[in-house]
Amino acid sequence: EDPSLERHFKGHRDAVTSVDFSLNKKQLASGSMDSCLMIWSMRPQMRAYRFVGHKDAVMCVQFSPSGHLVASGSRDKTVRLWIPSVKGESTVFKAHTATVRSVHFSSDGQSLVTASDDKTVKVWTVHRQKFLFSLSQHINWVRCARFSPDGRLIVSASDDKTVKLWDKTSRECIHSFCEHGGFVNHVDFHPSGTCIAAAGTDNTVKVWDVRMNRLLQHYQGNAVVNSLSFHPSGNYLVTASNDSTLKILDLLEGRLLYTLHGHQGPATCVAFSRAGDLLASGHSDEQVMVWKTNFDAANYSDVLKTQKSGTSVDETHHTLVEMDCGVHLKKTKTRDPGRNHEQQEEETSLANTLEHIMGQLDVLTQTVSILEQRLTLTEDKLKECLENQQKIIQNKTS
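These numbers were taken from a predicted model, which means no experiment stands behind them. Starting afresh in each chain, residues are numbered from 1 along the sequence in its written order. A pLDDT threshold of at least 70 governs which residues receive local features in this predicted model, and a stricter bar of 80 or more applies before side-chain atom pairs are shown or counted, although totals over entire chains, interfaces and linings include all residues. The side-chain numbers reported here are obtained from all heavy atoms of the structure, hydrogens and water having been left aside.

### Describing the overall build of the chain
Counting from the N terminus, the helices are the DSSP runs of H or I reaching at least four residues and the strands are the DSSP runs of E reaching at least two. Counting its regular elements, the chain contains two helices and 28 strands. A 1.4 Å probe rolled over the protein chains alone gives each residue an accessible area, and that area as a share of the maximum for its type sets the label: buried under 20%, exposed over 50%, partly exposed in between. A buried classification covers 53% of the 398 residues belonging to the chain. Contacts: residue pairs with any heavy atoms within 4.5 Å of one another. Counted over contacts in the chain with a minimum sequence separation of 6, partners at least 24 positions apart contribute 45%.

This is the structure we're talking about:
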């Protein structure tokens, strides 16, 4: 069954620049050239939230792994962290000296990497919004930066036509991929962390192995590719192009699987949901579309289980344990079938409790941060009042 259009969101007043699903798929965030961030509810008849705060176009948005925070970067040179609730409170930090093109959380939710037109990539701590370090070897705008799934590497894409791979600990550039014939608009890690895909203005998508630094696959399109997203199974890649289409590539077969039409004007951004059953796209026609992927479920549900639990996959299931693009799914012991149901239920409820605690921590951190900002404002006002009093006293005595 082909992918099908599921929902249609209208509310932005200018081109949509970025989309991302929350962990539980209940919410979808989008950023736009209209300077607003929108949070859409995936449940019917639920209202959308419009968050106002940025002074200029919002270039990028992303949910934190727990889903309790949303980061956004803007042409106003700042990054904001929002609590995606009715109040829509946010803390702002002065991040770069030019437009912020990209924000990305590490998979543990502790760090944030940002990329900017000031030619740098910067890394921050989420909880204190504290700047840690800068990576500055690009010689033109940096369009995109992403952490590897294990958080040890960072990949960045730039208008200097290179994709750079960095070691987060040593802060050094390990490798530069220079095969692109144009600006590199977007880059991301494969869920296994063993390869990266990059999209460019030379109408191509290239997939590289980051262990051997060699080109694995090359897809030639007929329009500029603005954005891409890996399916969580690692078997598919979706791209958004200037010819207004979304294309789903089958990485195992190395071929185009589907082309999705539905927008007027360039497709600017695209993202799979964390479970891979949905796909969101944003376009210059101000609309956000959500598609049901409808892939053959057998093709990827087992792979997803493999990546989560470390079990081996029965190779008769269409899924190749060793993928063409050099990705090896770990083969470890299969789960013991003798384990009782209660034990598994206990583990699930423990995992849910932990996630809830993480979420509460996120919110607490954010609240403390907002309080700190208000305290600073109060202190400034107090200082101003005291200075004015001093002046009045001086004027009286003179």
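### Description of the packing of aromatic side chains
Here the aromatic set is Phe, Tyr and Trp, taking the six-membered ring for Trp, and pairing holds for ring centres within 6.5 Å; pairs whose planes are under 30 degrees apart are stacked, those over 60 apart are edge-to-face, and all others are tilted. All chains considered together, the criterion is met by six aromatic pairs. With a centroid separation of 6.3 Å and an interplanar angle of 10°, the aromatic rings of Y49 and F51 are classed as stacked. F51 sits in the buried class, given a relative accessible area of 4%. Both rings, one in F51 and one in W82, keep their centres 5.4 Å apart while their planes meet at 20°; by these two values the pair is stacked. Of this pair, F51 sits in strand β5 (residues 49-52) while W82 sits in strand β8 (residues 78-82); the two residues are 31 residues apart in sequence, bridging distant segments of the chain. Across the pair, W82 and F51 agree in class, each one buried. Feature note: the residues Y49, F51 and W82 constitute an aromatic cluster, connected by ring pairs.

### A short note on the confidence of the model for the chain
Looking at the chain, the pLDDT average stands at 84 and 86% of residues meet or exceed 70. In this model, residues 300-339 is a region of pLDDT below 50 whose contacts with residues beyond four sequence positions or in other chains number 80 contacts. Confidence per residue, as judged by the predictor, is encoded in pLDDT with a range of 0 to 100.

### What to know about the pattern of salt bridges
Any carboxyl oxygen of Asp or Glu that lies within 4 Å of a side-chain nitrogen of Lys or Arg is treated as forming a salt bridge with it. In the structure shown here, the tally under the stated rule is 11 salt bridges. Here D56 makes a salt bridge to R75, at a shortest N to O gap of 3.2 Å. Of this pair, D56 sits in the loop between β5 and β6 (58-63) while R75 sits in the loop between β7 (70-74) and β8; the two residues are 19 residues apart in sequence, bridging distant segments of the chain. Judged by its relative accessible area of 37%, R75 is partly exposed.

### Brief notes about the sheet that holds strand β11 (residues 111-116)
Two strands make a pair as long as DSSP finds a minimum of two bridges between them. Sheet architecture is open: four strands sit in the order β10-β11-β12-β13, paired in antiparallel fashion. Bordering the open sheet on either side are β10 (100-105) and β13 (130-135), each of which pairs with just one other strand. Neighbour-to-neighbour, the strand axes of the sheet open up by a mean angle of 20°, direction not taken into account. With five bridges connecting them, β11 and strand β12 (residues 121-125) associate as antiparallel partners. In the sheet register, L112 faces β12, and the bridge partner there is W124. Here an angle of 0 to 180 degrees is reported between the N-to-C directions of two axes, which are lines fitted to C-alpha atoms, with helices fitted over the stretch in contact.

### A few points about the sheet that holds strand β22 (residues 225-230)
Strand order in the open sheet made by the four strands is β22-β23-β24-β25, with antiparallel pairing throughout. The strands lining the two open edges of the sheet, one partner per strand, are β22 and β25 (255-260). The sheet shows a mean angle of 25° between the axes of neighbouring strands, direction not considered. Relative to strand β23 (residues 236-241), β22 runs antiparallel, the two being bridged by five bridges. Bridging across to β23, L228 finds its partner in T239.

### Here we look at unusual backbone geometry
For Q129, which is not glycine, the phi torsion reads 50° and is therefore positive. Assignment of secondary structure puts Q129 in the loop between β12 and β13.

### Focus: the nonpolar core
Joining through side-chain atoms within 4.5 Å is the link that ties buried Ala, Val, Leu, Ile, Met, Phe, Trp, Tyr and Cys residues into a set, and such a set is a nonpolar core. Residues V79, F105 and L112 are the most contacted members of the largest nonpolar core, which totals 16 residues. Contact partners of L112, with chain neighbours within four places excluded, come to A71, V79, F93, H104, F105, K122, V123, W124, V126 and F147.

### Section: the state of the cysteines
A pair of cysteine sulfur atoms is labelled a disulfide when the two atoms are within 2.5 Å. On inspection of all chains with the given rule, the structure shows zero disulfides. Looking at the unpaired C144, the closest cysteine sulfur is the one in C60, lying at 9.1 Å. Free cysteine: C173, not disulfide-bonded; nearest cysteine sulfur from C178 at 9.0 Å.

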